[in-house]
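One-letter residues, chain by chain:
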Amino acid sequence: MKITRCFLTLILLGWIIVTLSGCWDVSPIEDRALNLLIGIDRKDGKYRFLTQIPTLSGLVQTQHPGTDKNREIQKISIAEAPSLVETIQHIEDENYRAFVIGTVKSILLSESVAQKDSLKIITSFIRHPMVSSQTLLFTTTSNIEELIRLSPPYSIQPGLMLVRQQKSALKMARSFPVEAWEFVSRIDNGFPDAYMPIISIDKKDKNYLLEGMKVFKRGEMIGELNPEETYIFGILTGNAQRAFKIVHLKDQVIGIHDVSHQTKIKYKPTKEGRPTFLVTTKAEGTLLEVSPGLKMDPNTLKTIKISIENHLKKDITKVLQKLRRLASDPIGFSNQLKIAGVKNWRQIYRRSSFQVNVEFIYKNDPPAR
Amino acid sequence: MSLIGFGMAFHPFMQVKEVGPNAYMTIVLGFLATGTILILIQRLNKKFPDQNIFGWGHTLLGPLGWFGSLLFILFIFLFDTMLVKRVTEFTSAAVLFRTPGWASIAAYVLILTYISIQGEESTGRLASILIGLVVLSTLILVLGFSHFKLPYVHPAYLFRDLNYLKYGWTGFICFIPFLMISASLHSNLRQQNLIASATVPCIGALFLILATFEMAGVFGPLGITRYSRPLYSLMGTIHLYSEYFFQNIILSIHIFNFMCFTMVTASILLRIVCKGLLELFHIQQNKLGLFTIFTALGIFILATLPGLITTLKYVPLVLFFGSLYTLFYITLLWVTSLFHRRTQ
């Protein structure tokens, strides 16, 4: 009995080893076309698929003095076809390697694609089990091919650098990242509306410029916020955590550093039934840049504080009115309306008024006066 | 573990858009129904000690009980097959995407067969080793709350949107393997310590409630229906070493945990099917190994042959009728037992 049991176990273990699935998935790295950045454009009814594929040596390029900095660290592949899958096939044909779509870190959509096709394109990527839900999305009004071909002077791959640049705390005052899952989730649920940061080329520095954002309404791109307005978006959503603020006081420039914001939005209809939102923003920052002639006494500090509060209040109201005009709500007023049980929130939102209150607090007393 | 493994695999699969923002409440309803059925099993166990559902069927319903038990075994077999299919689909899609489906299923079924042949004690030891993964999975879930948005699952909806009451049965599905295992045991432990045995579904239910609540809070009530594996997608949103070149570390841990949970569940279900068949057909226990191999072969064939269309068409039906039957059969046995004398 024991021998039979041992024999049976051995046979089972043998079969497990034989059928273990790993063998099918062996594919050397040199046979894979890994990609980090994808650009998608649409022209004459065809998708234009552009991708940065790092070269093997470029992938492991380091700061080591022996590294040849002039060597190409990436290869650009471009394919055109009526469907996305077909473009990927063309990329594979061009590279003679398996195109690994799952390694993509950022997807750039041209304005025309983002306008109408963004949901279709992004969900196609999300459907791929290897593509990370955290893939960053961008849209651009610049030439997408120029953007993909751009090779900024970094020591690491531009596709990876772009992610770091977008997620850095200081950068997140004029541009806010949106991940693929969140973009799709906002469109799926219909509240709040989706947004997408804008990427362009800083021709002077040969670098990526991340400023401003496009706003969506029911999955369709309908407007744009400039960098200043994007900063206000960051304030209202609590995303702008380490921003800076410049105010002009008697022809002098005052610079506030490390400004963080906390905003509370409350839906409070008036007695007459007019929908009203109370927007209360608390900002905190350190006074850093002061002109030499300015006397730092309590009165001046109070004047600066009031000036900042007025500036912010004016800017916030302007942005809110602009978004209301577009009937787009990337900030989250719709959340309050949904909780309040309003069924057609967009209609109510378009009729809403905003009461904005801003309070600025000095974070600390700077060591030097 | 069976609760978490099966619940993670199938609860989101049954979610429909109409459930609304309170989909997580279906687990609460399922838990309450399970608690009630567990009390019925305990009563039956008290009245007929040293018997299990197959014995109760024979004692209480006679020949009808034999057919009832056979149908019960058939549903366990189908649930096990569906679990195997679901897990191997998951690994094929996310990890081993070039491996043919049959190879993944074969490897998985062979491992299940091996564990099952080792017996209850070995499976129990394996489960107790792997129980730490429940803690790990819970910790990962907590990390996922960084993207949680309260407006998606605000308590105000609990009274305003009552659709979750209509779809309460979707939550009950997660608990079925637990009830199947509980009803198939000969153990008399439950009659002495019901609270201790009730702790198990409590922990499992808490985990599932936490997971479904979080999924709805992150992806939104409508967003959740986009993903056939929302928990897998949720893990992909967590920022912890997410700069890793391929998959993020959290997702990799989740895949491993999910495989372990389902492996234990599937091997126990396989063991129950084989032991149940032996008991029903009065076959000697020494044939258990052979029976296990044949049942595993059946699972392999049934998991390999159907395509995606067949799976999507019949899996919800089997889940629905299997759950309904388990509920009905145990209740019927309990009702009949009220008119039956206690055995010594």
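To start, this report covers the structure provided alongside it. By convention here, each chain's residues receive numbers from 1 onward along its written sequence. To read the labels, note that chains go from A and ligands from 1, taken in the order they are written. Owing to the predicted nature of the model, reporting of local features is limited to residues with pLDDT of at least 70; listing and counting of side-chain atom pairs is limited to 80 or more, with chain, interface and lining totals taken over all residues. To get the side-chain values, take all heavy atoms of the structure and skip hydrogens and water.

1. Quick look at helix H17 (residues 308-337) of chain B
Residue and element names in this part refer to chain B. For H17, with 30 residues, the first-to-last C-alpha span of 43 Å sits near the 44 Å given by 1.5 Å per residue. Each residue is assigned a bend, namely the angle between axes fitted to the seven residues that terminate at it and the seven residues that start at it. Strands here mean DSSP runs of E at least two residues long; helices mean DSSP runs of H or I at least four residues long; both are numbered from the N terminus. Maximum bend of H17: about 30°, positioned at Tyr314, with proline Pro316 one to four residues after it. What H17 keeps buried is the set Thr311, Val315, Val318, Leu319, Gly322, Ser323, Tyr325, Thr326, Tyr329, Ile330, Leu333 and Ser337. Expected helix span is computed as 1.5 Å times (number of residues minus one). Throughout, exposure labels follow a simple rule: accessible area from a 1.4 Å probe, protein chains only, divided by the maximum for the residue type, with under 20% read as buried, over 50% as exposed, and the rest as partly exposed.

2. Remarks on the interface of chain A and chain B
Each partner contributes to the interface: chain A provides 46 residues, whereas chain B provides 49 residues. As a working definition, buried area equals the accessible area (1.4 Å probe) given up by two parts on being put together, with both sides summed. Roughly 4,000 Å² is buried in total at the junction of chain A and chain B, and carbon and sulfur atoms are behind 62% of that figure. Any Lys or Arg side-chain nitrogen found within 4 Å of a carboxyl oxygen on Asp or Glu counts as a salt bridge. In this structure, the connection of chain A to chain B is made through 1 salt bridge. N or O atoms closer than or at 3.5 Å make up a polar contact, with two conditions inside protein: a donor-capable atom paired with an acceptor-capable one, and, for residues adjacent in sequence, both atoms drawn from side chains. Across the contact surface, chain A and chain B share 13 residue pairs in polar contact (both at pLDDT 80 or more). Listed by contribution, the elements that provide at least two residues to the side of chain A that touches chain B are helix H1 (2-19), helix H5 (118-127), helix H7 (158-167), helix H8 (180-189) and helix H11 (333-339) of chain A. Partitioning the side of chain A that touches chain B into residue classes produces 22 nonpolar, 14 polar and 10 charged. It only takes one pair of heavy atoms within 4.5 Å for two residues to be counted as in contact. Just so you know the grouping, Ala, Val, Leu, Ile, Met, Phe, Trp, Tyr, Cys and Pro go in nonpolar, Asp, Glu, Lys and Arg go in charged, and all remaining residues, Gly too, go in polar.

3. Brief notes about the packing of aromatic side chains
We describe a pair of aromatic rings using the distance from one ring centre to the other and the angle between the two ring planes. Centre distance within 6.5 Å is the pairing criterion for rings of Phe, Tyr and Trp, where only the six-membered ring of Trp is used; planes under 30 degrees apart are then read as stacked, over 60 as edge-to-face, and the remainder as tilted. A complete count under the given rule lists 28 aromatic pairs over all chains for this structure. Both rings, one in Trp66 of chain B and one in Phe67 of chain B, keep their centres 5.1 Å apart while their planes meet at 85°; by these two values the pair is edge-to-face. Using a relative accessible area of 28% as the deciding quantity, one classes Trp66 of chain B as partly exposed. The exposure class assigned to Phe67 of chain B is exposed, which follows from its relative accessible area of 56%. For the ring pair Phe72 of chain B and Tyr329 of chain B, a centre distance of 6.2 Å and an interplane angle of 35° mean the geometry is tilted. Of this pair, Phe72 of chain B sits in helix H4 (residues 63-94) while Tyr329 of chain B is found in helix H17, placing the two residues 257 residues apart along the sequence. In this structure, Phe72 of chain B and Tyr329 of chain B share a single accessibility class: buried. An aromatic cluster of three or more residues is present, and its members are Tyr267, Phe277, Phe333, Trp345, Tyr349 and Phe354 of chain A.

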